[in-house]
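Architecture at a glance
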Amino acid sequence: MSSVYEGATPGFLVWRLSTKWRVAVDRAVSPLGLTHAQYSVVATLYGMRRSGERPSQRRLADHTGLEPLYVSKLARALETAGLLERTRDPRDPRAVQLALTERGVEVTGQAIGIVRGLLRQLLEPLGGLDGPRARAFVDDLTTLLGTSLDPSTETPAQNETEQP
C-alpha cells in the first residue's frame, strides 16, 4: 500500500476509490458521448431491458441509487442525444417509462465493453475479476451497501474522532 494511504480512514479510502472509478469511467466513455452518470443510466437500462423490464424513471432511480430528479435530467439529455426514449406509462399517466433506442443499445454495448476492461484492470491486483479475493471484495461491498446509514444515530463522541 502506498504510504499516502497509511492511517487513512475507511471512509476516505471508499471516497478515493469511488472518485478514481468515476474519473476513469468518465474518461473512458467520453468518446462515446457519455458521462459516468449517463453510463450508469444506460447500462442499467441495458440490463433491465435484457430481463424484459421497461422501468419508470423512479424505478431506475431506486435501482441506481441516484436521485429521481437527477435521473430525470440525465434521461432528458440522453433522449436529446437519441440514446433513449421517454414515454408515459399506460398504467400510470404520472410515470415516465424509459427505453434505449437502437442507437442507445449500440452505444451502450460499446460502453459496457470499455468499462468491463477498466474493471478487469481495477481488480487485477486482487487476482482478477473471478479470483477469490475479488469475490470476497464484492461480498464485502454488498454487505456495506446493505447497511443503513442514519447520521441521527451517531453519538457526538463518534463524530468527533472519525474523519472522512
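Quick summary incoming for the structure in this document.

Tallying secondary structure elements over the protein gives seven helices and two strands in all. Start at the N end of the protein and walk to the C end: the helices and strands fall as α-α-α-α-β-β-α-α-α. For the protein, the spread of C-alpha atoms along the three principal axes comes to 50 × 40 × 25 Å. Each of the 164 residues in the protein was classed as buried or not, and the buried ones make up 30%. Long-range pairs, those at least 24 residues apart, make up 45% of the contacts in the protein with a sequence separation of at least 6. For the protein, the distance from the average site of its 20 positive side-chain charges to the average site of its 19 negative ones is 7 Å.

As a further point, take the pattern of salt bridges. As enumerated under the stated definition, the model contains seven salt bridges in all. Note that glutamate 85 and arginine 54 form a salt bridge whose closest N and O atoms lie 3.4 Å from each other. Residue glutamate 85 is found in strand S1 (residues 84-89), and its partner arginine 54 is found in the loop between helix H2 (36-50) and helix H3 (57-64); the two are separated by 31 residues along the sequence. Across the pair glutamate 79 and arginine 86 runs a salt bridge, and its minimum N-O distance is 3.5 Å. Judged by relative accessible area, glutamate 79 falls into the partly exposed class, the value being 33%.

On to the side chain of serine 72. When you line up the elements, serine 72 lands in helix H4 (residues 68-80). Classification of serine 72 by relative accessible area gives buried; the value is 11%. Apart from residues no more than four positions distant in its own chain, serine 72 is found in contact with Gln57 and Arg86.

So, on to the layout of surface pockets. There is about 2,400 Å³ of room inside the largest pocket. The wall of the largest pocket is formed by 47 residues, among which Leu17, Ser18, Trp21, Phe137 and Leu141 lie closest to the centre. Broken down by secondary-structure element, the contributors of at least two residues to the lining of the largest pocket are helix H1 (10-29), H2, H3, helix H5 (102-123) and helix H6 (132-145). Among the elements that line the lining of the largest pocket, the one with the most residues is H1, at 11 residues. Its residues assigned to classes, the lining of the largest pocket comprises 26 nonpolar, 13 polar and eight charged.

Moving on to the pairing of S1. Across six bridges, S1 lies against strand S2 (residues 92-100) in antiparallel orientation. Residue pairing in the sheet places glutamate 85 in a bridge with alanine 99 of S2. Connecting S1 to the next strand, S2, in antiparallel fashion are two residues.

On to H2, then. Between its first and last C-alpha, H2 extends 21 Å over 15 residues, near the 21 Å set by a 1.5 Å rise per residue. What H2 keeps buried is the set His36, Ala37, Gln38, Tyr39, Val41, Val42, Ala43, Thr44, Leu45 and Met48. Glycine 52, located one to two residues past H2, shows a positive phi value of around 85°.

With respect to the helices and strands, the residue glycine 128 is situated in the loop between H5 and H6. For glycine 128, a relative accessible area of 10% translates into the label buried. Dropping the residues within four chain positions of it, glycine 128 is found in contact with Leu123 and Ala134.

Here is what the cut-offs are and how they apply
- Residues numbered from 1 in each chain as written.
- Predicted model: local features only at pLDDT ≥ 70, side-chain atom pairs only at ≥ 80, totals over all residues.
- Heavy atoms only, no water.
- Helix = DSSP H or I, 4+ residues; strand = E, 2+ residues; numbered from the N terminus.
- Buried < 20%, exposed > 50% of the residue type's maximum accessible area, 1.4 Å probe, protein only.
- Contact = heavy atoms within 4.5 Å.
- Lys, Arg positive; Asp, Glu negative; His and termini not counted.
- Charge placed at Lys NZ, Arg CZ, Asp CG, Glu CD.
- Salt bridge = Lys/Arg side-chain N within 4 Å of Asp/Glu carboxyl O.
- 1 Å grid on protein atoms, 1.4 Å probe; cavity = no way out; pocket = protein on both sides within 12 Å on 5 of 7 lines; lining within 4 Å.
- Points joined across faces, edges and corners; volume = space filled by probe spheres on them.
- Nonpolar A, V, L, I, M, F, W, Y, C, P; charged D, E, K, R; others polar.
- Pairing = 2+ DSSP bridges.
- Expected span 1.5 Å × (residues − 1).

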